[in-house]
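For reference, the chains in residue letters:
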Amino acid sequence: MERRILGYGGMRHLAVFLLPATLVLGIVLVYPVLYDTFISFFHYSLLMKYLNRWVGLDNYIQMLTSRSFWYAAWISGYFTVVSVGGELVIGLFTALMLNRKFHGRAFVRSLVILPWALPTVVNGVMWRWIYDGNFGILNGVLYRLGLISHYHSWLASPFTALNMIILADIWKNWGFFTIVLLGALQTIPDSYFEAAKIDGSGFWYTLWHITIPLLKPAILVSLVMRITQAFQVFDIVYMITQGGPANGTQTLSYYIFYNAFQRLQFGSAATISVLMTGVTLVFALILIKIMYSEVEYM
Amino acid sequence: MRRLVGILVVLSLLVVMGTSLAAAKVTIRVISSDDFAPFRKSVIPAFEKLYPNIKVDFSSVGYDNLLQKELTALSADRSAYDVIDVDCIWVSEYVDMGILEPLDGYVPPSERSKIIKSLRDTFTYKGHLYVMPMFHDALFFYYNVDMLKKAGLSRPPKTWDEFVKYSKIIQQKKVAPYGSIWGWSQNEGLICYYGALLHGFGGKFFESGKPAFNKGGGLKALQWMVDSIYKWKVVDPNSITATDRDILHSLASGRVPFGFEWSFAWGVFEDPKQSKVKGKIRVGLVPSNVKGLPSATTTGPMGLSITSGSKHKAAAWKFINFLASKKNQIKQSVEYGAMPIWKSLYKSPAVLKHHPEFGVMVEQLKYAFNRPQVPYYTEFSHILQVALQKALTKKMTPKAALDEAAKKIAGLKR
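Keep in mind it's a predicted model, so treat the numbers as computed, not measured. (Residues numbered from 1 in each chain as written. Chains lettered and ligands numbered in written order. Predicted model: local features only at pLDDT ≥ 70, side-chain atom pairs only at ≥ 80, totals over all residues.)

Remarks on the overall build of chain A
For chain A, the helix and strand inventory stands at 14 helices and two strands. In terms of C-alpha radius of gyration, chain A reaches 24 Å, well past the compact-globule figure of 19 Å for 298 residues. When contacts within chain A are restricted to residue pairs at least 6 apart in sequence, those whose partners lie at least 24 apart make up 69%. (Helix = DSSP H or I, 4+ residues; strand = E, 2+ residues; numbered from the N terminus. Rg over C-alpha atoms; globule rule 2.2 N^0.38 Å. Contact = placed C-beta atoms within 7 Å.)

Shown next as structure tokens:
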């Protein structure tokens, strides 16, 4: 049986063909993760190497009892929930709209993906200028529309700045949900919706009881992807607020950056990254478990 | 006979190869802050002409990224750069990390004594000179004389109380939306601005080795900063998110009359490509509320150093020496607004003539204070920055924020 599937040479050839990819993944993924976990047990200063020493779980204890760490964790959590939530809702409704036939639909569909194609750094710089307190167009437009009486400094207050960054992130990423959910929508036969309509089902009832359940696999897959990305957000924080004001936008990734490259404490930075990985892993496993139980029902 | 010829040929080839190796090009890698990079780049052709065997590979980054860039590159490879740009506040940390080459051998004592004493002291640590200063610097008080006149004011403010009063007049007469804009975002510049105000209110950073900024002048300074935005409304609230480089265009576009900037800003204000206020900017002494102290500001000189891991130390020194030479110091001053390192140049007519505000800037240097020279400066600065920001964003009162910072800083161990 093995011979029939794998052909001449069988397992040996398989091993050889898999070797390059395994090597690359090993060097680029496995080794750094293992080394990172390894340093998290040390006090590891980048340049003053004579201070480096084994500290066991000290870094973890210090981190888990540190207010800064939990504040950063709260900011990352809030960012993830609001940002991904917003993207999902907007993405879902746009997908529903783009599922209908209308003139220029193909054009609009291609426009939708443009923000997502923008590099995160470029997006960050762009929004920094949009939000600028003196020259930004957000102020300009709102002022001219009479919605604000004077220019606001959008990034000057910690919580407002965080929400503005979330807005910038939602703008960039909702196209992702649109594309994934649109693809999934198109696999649902029209007859389902026609039948529902005949039975007297309204828009919201159809959406909640038919469309969304059928989209569950697609929603869950895209959620896993976007949640892990949003939880690790760094670029946009670095470009717009550099973690400020008063650490109000300091996500966990930025906190790692601060520990590693400004305090030069690589041990602490490694600890945070291990903790983040742990949380993300657990979360992803839960979502995947839910997803697979759904698919079986299908 | 054939063998002899063969040997001669080989020998002559070796001689030719040997001489060409001796004349082989050496490339030195230089990393610099963006601020005076245009000047440094402009003199590279002259340098390479003078030393045809040395090629300069020059790169520059914004000041706020310079520390990280240098440390991460050098930690991976000690010879990643031959010449690095060093800020006055990094000297002790860099030396403790072992990345700087002592320069005592390159600068004989006779030459050293010709450099301004405070610069020498700033860049000397544990008895050795580690950084060759490239320019002296401090936060200067730049003001738009046109806007002052429009508001009916004949001179710039001398105290911080007058500063608020004059700003209000300017705002009431609708000459400008705000009297001033500052760079109070969470970065090193914030400490520089705070330091100027702290000393201008008679405060101290440390006293007998213990933090003293959370009382007296230090506390008054932060209260002034908070009140200037929220109570008197004379400072642009965007100051909380701006860096000292960001505010340049508010000043250069003539939007705001008062600003505190480094010496390089002069070059920006006088460059018609970047500024609409050429010829309208003057320099005044930074205000001070302390009786008997006409002014108080923060210093900010920078210099160049040879890395300890450099493989071309002699060539690196030649470049540093070239930039520090009197001829180039004059050029840097006249064309880019820098303050020279040599005492004698402060009497040079060439320097004094081309920079009309230079006299005031020299006077300002007499009232310039250094930031604390502690070995853990980066962490001290970060803790204080967050505390100042917490007060500026009204998350905590100035007293509570500074007390918290003082406690954390007192507990810093190395």
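Having put the structure on the table, let's press on.
What about the overall build of chain B?
The secondary structure content of chain B amounts to 18 helices and 14 strands. The C-alpha radius of gyration of chain B comes to 24 Å, within 12% of the 22 Å expected for a compact globule of 414 residues. Sequence-distant contacts in chain B: of pairs separated by 6 or more residues, those separated by 24 or more amount to 72%.

Quick look at the environment of Gly56 of chain A
Relative to the assigned elements, Gly56 of chain A resides in the loop between strand 2 (53-54) and helix 3 (58-64). Taking the C-alpha atoms as reference points, Gly56 of chain A and Thr160 of chain A, separated by 104 residues in sequence, lie 39 Å from one another.

Describing the domain arrangement of chain A
Looking at the assigned domains, one finds that chain A contains domain 1 (1-30) and domain 2 (40-297). Summarising the inter-unit geometry, the C-alpha centres of domain 1 of chain A and domain 2 of chain A are found 36 Å apart. (Domains from an automatic or database assignment.)

Thoughts on the packing of helix 4 (residues 67-98) of chain A against helix 11 (residues 203-231) of chain A
Residues and elements named next belong to chain A. The N-to-C vectors of helix 4 and helix 11 enclose an angle of 140°; their axes lie 9 Å apart at closest approach. Considering their axes alone, helix 4 and helix 11 lie oblique with respect to each other. Regarding helix 4 and helix 11, the two cross each other, and that crossing is right-handed. Residue-level inspection shows Ser76, Phe79, Thr80, Ser83, Val84 and Glu87 of helix 4 in contact with helix 11, the latter providing Leu223, Arg226, Ile227, Ala230 and Phe231. Of the residues contributing to the contact of helix 4 with helix 11, the split by class is six nonpolar, three polar and two charged. (Axes fitted to C-alpha atoms, helices over the stretch in contact; angles between N-to-C directions. Parallel < 35°, antiparallel > 145°, perpendicular 65-115°, else oblique. Left-handed = near helix turned anticlockwise from the far one by under 90°. Nonpolar A, V, L, I, M, F, W, Y, C, P; charged D, E, K, R; others polar.)

Some words on the nonpolar core
If you look at the biggest cluster of nonpolar residues, it comprises 181 residues, and the most contacted ones within it are Val83, Val91 and Tyr193 of chain B. The contact partners of Tyr193 of chain B, leaving out residues within four places of it in the chain, are Leu139, Trp182, Gly183, Trp184 and Phe260 of chain B. (Core = buried A, V, L, I, M, F, W, Y, C linked by C-beta atoms within 7 Å. Buried ≥ 20, exposed ≤ 12 C-beta atoms within 10 Å, placed from the backbone.)

Side note on the sheet that holds strand 7 (residues 140-144) of chain B
All names here are of chain B. What the three strands build is an open sheet, ordered 10-7-11; its pairing is antiparallel. Edge positions in the open sheet fall to strand 10 (258-261) and strand 11 (281-284), since each of these has one partner strand only. Strand-to-strand twist across the sheet, computed as the mean angle between neighbouring axes with direction ignored, equals 35°. Strand direction decides the pairing type here: strand 7 and strand 11, joined by four bridges, are antiparallel. Bridge pairing in strand 11 links Tyr143 to Arg282. (Pairing = 2+ DSSP bridges.)

Details of the pairing of strand 7 of chain B
Two faces make up the sheet, and in a regular strand the side chains alternate between them. Residue and element names in this part refer to chain B. A large share of strand 7 lies buried, amounting to five of its five residues. Along strand 7, one buried face is formed by Phe140, Tyr142 and Asn144 and the opposite face, lined by Phe141 and Tyr143, is buried too. Strand direction decides the pairing type here: strand 7 and strand 10, joined by four bridges, are antiparallel. Bridged to Tyr143 within strand 10 is Phe258.

Considering the domain arrangement of chain B
Residues and elements named next belong to chain B. Here chain B is described as being made up of domain 1 (25-137 + 300-367) and domain 2 (140-298 + 374-410). Taking the mean C-alpha position of each, domain 1 and domain 2 sit 27 Å from one another. Contact with domain 1, which involves 21 residues of that partner, is made by 24 residues of domain 2. If you tally residues by element for the side of domain 1 that touches domain 2, the top one is helix 16 (residues 358-365), at four residues. For the side of domain 1 that touches domain 2, a count of residues per class yields nine nonpolar, five polar and seven charged.

A look at helix 3 (residues 63-76) of chain B
All names here are of chain B. With 14 residues, helix 3 extends 21 Å from end C-alpha to end C-alpha; this agrees with the ideal 20 Å at 1.5 Å per step. For helix 3, every residue scored as buried is listed here: Tyr63, Leu66, Leu67, Lys69, Glu70, Leu71 and Leu74. In this structure, the buried residues of helix 3 make contact with strand 1 (26-33), strand 2 (54-61) and strand 3 (83-87). (Expected span 1.5 Å × (residues − 1).)

Notes on the sheet that holds strand 2 of chain B
Residue and element names in this part refer to chain B. Spatially, five strands are ordered 2-1-3-13-6 in an open sheet, and the strand pairing comes out mixed. Two strands in the sheet have a free side with no partner beyond their single neighbour: strand 2 and strand 6 (132-135). Averaged over all neighbouring strand pairs, the angle between strand axes comes to 30°, with direction disregarded. Relative to strand 3, strand 1 runs parallel, the two sharing two bridges. Its bridge partner being in strand 3, Ile31 is matched across the sheet by Ile84.

A few points about the interface of chain A and chain B
Counting from both sides, the interface comprises 20 residues of chain A and, opposite them, 22 residues of chain B. Grouping the amino acids of the side of chain A that touches chain B by side-chain chemistry returns 10 nonpolar, nine polar and one charged.

Observations concerning the environment of Val89 of chain A
Residue and element names in this part refer to chain A. Here Val89 lies in helix 4. Residue Val89 is classed as partly exposed on the basis of its C-beta count, with 13 C-beta atoms lying within 10 Å. Once the C-alpha coordinates of Val89 and Ile240 are considered, the two residues, 151 residues apart in sequence, prove to be 25 Å apart.

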